Amino acid sequence: MAQLLPGGKAVIDFSGASDPDSGTLTYKVYRDGGLIKTIGPVWAHWWNSGLFQARDSGLGRSAHTYRVDAVDAEGNAAPSGNNTPSTTGVGYRTAVLNAGPSTYWRLN
């Protein structure tokens, strides 16, 4: 899920995948088809695939799309679908509630 932030920034959050063959994956984050960040290699076991975040900055007012590819040690890539950032200032509470949790405790 990508979220726009004030000041021409974006945050891209995504869940890790698992790779039973090599046990590691590298994640490549793309904006509008151009590589902006590489994360990894990281452990990619089904019991501990992790949550990851990439940050982007210097964005203008035009719309952007993001994609994350999970790439194994042999170079096989599994791309995510394109994701367009949500509106500015959605906030943590709204993002959690939009995910449809079974239980939600406010901490403030």
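Calculation notes
Residues numbered from 1 in each chain as written. Predicted model: local features only at pLDDT ≥ 70, side-chain atom pairs only at ≥ 80, totals over all residues. Heavy atoms only, no water. Helix = DSSP H or I, 4+ residues; strand = E, 2+ residues; numbered from the N terminus. Areas by Shrake-Rupley, 256 points an atom, 1.4 Å probe, with all protein chains shown as cover. Salt bridge = Lys/Arg side-chain N within 4 Å of Asp/Glu carboxyl O. Buried < 20%, exposed > 50% of the residue type's maximum accessible area, 1.4 Å probe, protein only. Core = buried A, V, L, I, M, F, W, Y, C linked by side-chain atoms within 4.5 Å. Contact = heavy atoms within 4.5 Å. Pairing = 2+ DSSP bridges. Axes fitted to C-alpha atoms, helices over the stretch in contact; angles between N-to-C directions.

Participant: Kindly report on the overall build of the chain, identifying the contributing residues and their values.
Facilitator: The number of helices and strands found in the chain is 1 helix and 7 strands. Helices and strands appear in the chain in the N-to-C order β-β-β-β-β-β-β-α. In the structure as shown, the chain presents an accessible area of about 7200 Å², 52% of it carried by carbon and sulfur atoms.

Participant: Talk me through the pattern of salt bridges; I want residue IDs and the actual numbers.
Facilitator: Counted under the stated rule, the structure contains 2 salt bridges. Salt-bridge contacts for Arg-31 lead to Asp-56; the nearest nitrogen and oxygen are separated by 2.5 Å. Note that Arg-31 is positioned in strand E3 (residues 24-31) and Asp-56 in strand E5 (residues 51-56), a separation of 25 residues in sequence. For Arg-31, a relative accessible area of 24% puts it in the partly exposed group. A salt bridge links Asp-69 to Arg-67; the nearest nitrogen and oxygen atoms lie 2.9 Å apart. In this structure Asp-69 comes out as buried when scored by relative accessible area, which is 8%.

Participant: How would you explain the nonpolar core if you had to name every residue and give the values?
Facilitator: Core analysis: the largest hydrophobic core is formed by 16 residues, its most contacted members being Ile-12, Phe-14, Tyr-27, Ile-39, Phe-52, Tyr-66 and Val-68. Where this core is concerned, the elements lending two or more residues are strand E2 (9-15), E3, strand E4 (34-43), E5 and strand E6 (66-72). Apart from residues no more than four positions distant in its own chain, Ile-39 is found in contact with Phe-14, Leu-25, Thr-26, Tyr-27, Phe-52 and Gln-53.

Participant: Now, about the sheet that holds E3: what can you tell me, with residues and values included?
Facilitator: In space, the 4 strands of this open sheet follow the order E4-E3-E6-E7, with antiparallel pairing throughout. Edge positions in the sheet fall to E4 and strand E7 (77-79), since each has one partner strand and no second. Strand-to-strand twist in this sheet, taken as the mean axis angle between neighbours without regard to direction, amounts to 20 degrees. Of the pairings in the sheet, the one linking E6 to E7 comprises 3 bridges and is antiparallel in character. Residue Ala-70 lies in a different strand from E7, and its bridge partner there is Ala-78.

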